[in-house]
Amino acid sequence: MTAATLRLLPRAVRFLRARPRALLAMAAWSVLESGHTFVSGYAVAHALDAGFLAGRTGTGLAWLAVAAGTVVLGGIAGRGVFRGLAALVEPLRDHLVHQVVAAALGRAVADPSRAADSAVVSRLTNQTELARDSFAGLVLVARSFVFTVAGALVGLLSLAPELLLVVVPPLLAGLVLFLATLVPMARHQRAFLQADEALAAELGAVATGLRDVVACGAQRRTAARTHALIEAEARTARRLARWTAARSLALGIAGQLPVLLLLLAAPWLLRRHLTTGDVLGALTYLTQALQPALQSVMQALGAAGTRLLVVLERLTGDTPPAPHPTPPPAPTPPPADGPRVEFRATTFSYGTGARPVVKDLHLTVEPGEHLVVVGPSGTGKSTLTGLAAGLLTPTAGEVRVAGRTPSAPTAGPDPHRVLIPQQAYVFTGTVRENLLYLRPDGAPPGAVEASLDAVGLGPLVDRLGGLDAPLDPTALSQGERQLLALGRAHLSPAPLVLLDEATCHLDPAAEERAERAFCDRPGTLVVVAHRISSARRADRILVLDGTRTAVGTHADLLRRSPLYRDLAGGWDPQSPERAPTGAHLA
Ligand SMILES: Nc1ncnc2c1ncn2[C@@H]1O[C@H](COP(=O)(O)OP(=O)(O)OP(=O)(O)O)[C@@H](O)[C@H]1O
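Basis of the calculations
- Residues numbered from 1 in each chain as written.
- Predicted model: local features only at pLDDT ≥ 70, side-chain atom pairs only at ≥ 80, totals over all residues.
- Helix = DSSP H or I, 4+ residues; strand = E, 2+ residues; numbered from the N terminus.
- Buried ≥ 20, exposed ≤ 12 C-beta atoms within 10 Å, placed from the backbone.
- Contact = placed C-beta atoms within 7 Å.
- Axes fitted to C-alpha atoms, helices over the stretch in contact; angles between N-to-C directions.
- Parallel < 35°, antiparallel > 145°, perpendicular 65-115°, else oblique.
- Left-handed = near helix turned anticlockwise from the far one by under 90°.
- Nonpolar A, V, L, I, M, F, W, Y, C, P; charged D, E, K, R; others polar.
- UniProt positions renumbered as here; feature names shortened; annotations may be inferred.
- Arc of directions from axis to C-beta.
- Pairing = 2+ DSSP bridges.
- Right-handed = clockwise from strand over helix to strand, strands pointing away.
- Core = buried A, V, L, I, M, F, W, Y, C linked by C-beta atoms within 7 Å.
- Domains from an automatic or database assignment.
- Expected span 1.5 Å × (residues − 1).
- Bend = angle between axes of the 7 residues up to and from the residue.

A.B. asks: Quick rundown of the overall build of the protein? Include the residues and the values.
C.D. replies: What the protein contains, in helices and strands, is 17 helices and 11 strands. Counting over 586 residues, the protein shows a buried share of 44%. Restricting to contacts in the protein with at least 6 residues of sequence separation, those with at least 24 account for 78%.

A.B. asks: So what's going on with the packing of helix H5 (residues 162-208) against helix H7 (residues 219-271)? Residues and values would help.
C.D. replies: Contact geometry for H5 and H7: axes closest at 8 Å, N-to-C directions at 165°. The orientation of H5 relative to H7 falls into the category roughly antiparallel. Crossing hand, H5 versus H7: left-handed. Tallied by class, residues from the contact of H5 with H7 come to 35 nonpolar, eight polar and seven charged.

A.B. asks: Describe the UniProt feature "transmembrane region" (unreviewed entry) in the protein, with residues and values.
C.D. replies: In this structure's numbering, the residues bearing the UniProt feature "transmembrane region" (unreviewed entry) are residues 61-82, 135-157, 163-183 and 248-270. Across residues 135-157, the secondary structure splits into 100% helix and 0% strand, with the terminal C-alpha atoms separated by 33 Å. For the annotated span residues 163-183, helix accounts for 100% and strand for 0% of the residues, and the straight-line distance between the end C-alpha atoms is 32 Å.

A.B. asks: How would you sum up helix H11 (residues 447-455)? Please name residues and give values.
C.D. replies: Note on helix geometry: an α-helix contains 3.6 residues per turn, so any two residues three or four positions apart are oriented the same way. Those residues of H11 not exposed but buried are Val448, Ser451, Leu452, Ala454 and Val455. Projection of H11 onto a plane perpendicular to its axis shows the buried side chains occupying an angular sector of 165°, all on one side. Contact partners of the buried residues in H11: helix H10 (431-435), helix H12 (458-464), helix H13 (478-491) and helix H14 (508-520). Positive backbone phi, at 80°, marks Gly456, one or two positions downstream of H11.

A.B. asks: I'd like to hear about the pairing of strand E9 (residues 524-528), residue by residue, with values.
C.D. replies: Every regular strand shows the same layout, with side chains that alternate between the two sheet faces. For E9, the tally of buried residues reaches five of five residues, placing the bulk of the element in the interior. Burial of E9 is two-sided: the residues Thr524, Val526 and Val528 facing one way and the residues Leu525 and Val527 facing the other way are all buried. The pairing of strand E3 (residues 370-374) with E9 spans four bridges and is parallel. Bridge pairing in E9 places Val373 opposite Val528. Regarding the hand of the β-α-β motif, the stretch spanning strand E8 (residues 496-500), H14 and E9 is right-handed.

A.B. asks: Can you lay out the nonpolar core for me, pointing to particular residues and giving the numbers?
C.D. replies: Counting 79 residues, the largest nonpolar core has Val372, Val373, Ala388, Ile420 and Val497 as the members making the most contacts within it. Mapping this core onto the domain boundaries places at least three of its residues in each of domain 2 (161-273) and domain 3 (341-578). Excluding residues that lie within four positions of it along the chain, Val372 makes contacts with Val527, Ala529, Ser534, Ala535, Ala538 and Ile541. In this structure, Ala152, Ala250, Val279 and Val297 belong to the second largest nonpolar core, which totals 63 residues.

A.B. asks: Describe the sheet that holds strand E2 (residues 358-365), and please don't skip the residues or the numbers.
C.D. replies: Spatial strand order, E2-E1-E4: three strands in an open sheet with antiparallel pairing. The strands lining the two open edges of the sheet, one partner per strand, are E2 and strand E4 (396-401). Put simply, the sheet's adjacent strands are angled 15° from each other on average, direction ignored. The pairing of strand E1 (residues 341-348) with E4 spans five bridges and is antiparallel. Bridge pairing in E4 links Phe343 to Val399.

A.B. asks: Tell me about the packing of helix H2 (residues 20-51) against helix H3 (residues 57-110), and name the residues and values.
C.D. replies: One can describe the packing of H2 onto H3 by two numbers: an axis separation of 8 Å at closest approach and a directional angle of 165°. Taken together, the axes of H2 and H3 are roughly antiparallel relative to one another. Crossing handedness for the pair H2 and H3: left-handed. When the residues that make up the contact of H2 with H3 are grouped by side-chain class, the tally is 23 nonpolar, 14 polar and one charged.

A.B. asks: Tell me about H7, residues and numbers included.
C.D. replies: Here H7 contains 53 residues, and its C-alpha end-to-end distance of 76 Å stays within 8% of the 78 Å for a straight helix at 1.5 Å per residue. The sharpest bend along H7 reaches about 55° and sits at Ala265, with the proline Pro267 one to four residues further on. Just downstream of H7, His273 is the residue with a positive phi angle, here 70°.

A.B. asks: Please give an account of the environment of Ala514 that cites residues and values.
C.D. replies: Here Ala514 lies in helix H14. Separated by 27 residues in the primary sequence, Ala514 and Gly487 place their C-alpha atoms 8.7 Å from one another. Beyond its immediate sequence surroundings of up to four residues, Ala514 is in contact with Val455, Gly456, Leu486, Thr503 and Leu506.

A.B. asks: For unusual backbone geometry, give the residues involved together with the corresponding values.
C.D. replies: Look at Asp360: it is not a glycine, yet its phi comes out positive at around 50°. With respect to the helices, strands and loops of the structure, Asp360 is situated in strand E2. In this structure Asp360 comes out as partly exposed when scored by C-beta crowding, with 14 C-beta atoms within 10 Å. Unusually for a residue other than glycine, Ala402 sits at a positive phi of about 55°. By the element assignment, Ala402 lies in the loop between E4 and strand E5 (417-420). C-beta crowding within 10 Å serves as the criterion here: with 17 such atoms nearby, Ala402 is assigned to the partly exposed category.

Here it is as structure tokens:
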């Protein structure tokens, strides 16, 4: 039995023990239901022996009518069972909802920055409903199985004890084999679910941070990581399939083998003075009661049981962390050096015949300079960073970085430049692995700590459990993901850093700290600004306005660029110090 099951078991027992009336009511109605099973085979046997085979058709029909009558009785019993079931499963849902809300509130009070936890909505709606439905299904099926088997065995005994000799051994053997598959099957199902979740989380993270992945030249590493997760899921699926085959064998032994044995043993049974009706009655028990009950219970325990266990683990916070593959090593980048970035009569449009987004741009960003790019939404700021990073190729003119034409990295991180877009890519792994993603050969002693401190990442890393704590990307806010990506960029040896609204999910104070960290870092820095306050920290500002551009210092542009004045939102050109911070640019 798995550790999670053992943790949940006492809670389940406490929950059931607190509801004796509901359990008793269900048991009482179930006894009536098993009476229906008992009569089904018994009535068929007597309809044959005392009726049709004895030439008394009326008696035969009367016995069949008795069997039909018990179906109605079974229906009434079923209704009673459902009432008892409601008294059992509705409190479970209430209990789970209470637990989820209490845990979410507790977490929000302890850590207000994580208060907006959207996963709670899923837990409150989908997952509690799943738990309720799975639990109800399990209780129904397990109860029905026990009472049906009891009804059928008593029926067989009442027809002839010899029938038990034929039916019980294979039934028991099949059940034992089935029970033996339960624990490994649950383990493999959980492993499969975890592998599936890990793959889904990775694919989600890759899809969200695709630009970041391409910008970092991490395609191969990301593909290798994803491939490893796909392989892991395929392996768990194959193991699960083997156990599913064992379970089918158990069903065959418990359900089909007794029928075969009954037919083979028919001559021996008849010699021992059993009647044709007895054999047919036994066959009725086997095919009409035992086989369907076995099939239902095996299916329910296999599917609903595992689902219930996994959902309860989620709701009660007992989920073990998903495994993550170790990233393959990547080449060592050369030492950092501040490059010159040149746009020489650069024109770029998306597709032939499309309006140019960048037109005839002449701009030089000097080595070590800090340039901020501002402009209304859609004026080409991201396009500009894409050109500088080599992700886009100019339609006309050229772009030069350190005298060379930049190109998109394919075989690992580009050691010359790092581009951080709005949507940061954070993957399942440790915090350290995420931070050293652009520095696969490791960082010099103290460098990680220095970068954490510089970008203001320390409190988040502490909260996550330290550098070697496993990271769940889905549990991070967008701002937290951005902070990690900024830490990663700060640690990278690349001498050119391109931040494309990479701080847009941070609050103004956190944004300022992160940007200052990059200003203090040696190298050339290009920042697409999210707030006007970023512009004030720059050496120069590039104002993009369609295909018209203006470049200058803050004071300079306030004087001569009406658009910059507009963007600055009512700043006083004579006294920029009194200007408000936080005005949105894009
Ligand atoms: N892949 C693409 N295919 C076609 N058009 C694109 C593509 N990417 C951007 N564009 C268009 O190019 C123009 C400039 O887009 P870009 O993203 O560079 O602007 P931006 O100034 O960064 O905008 P924002 O501030 O909203 O991020 C927009 O009109 C946009 O619709």
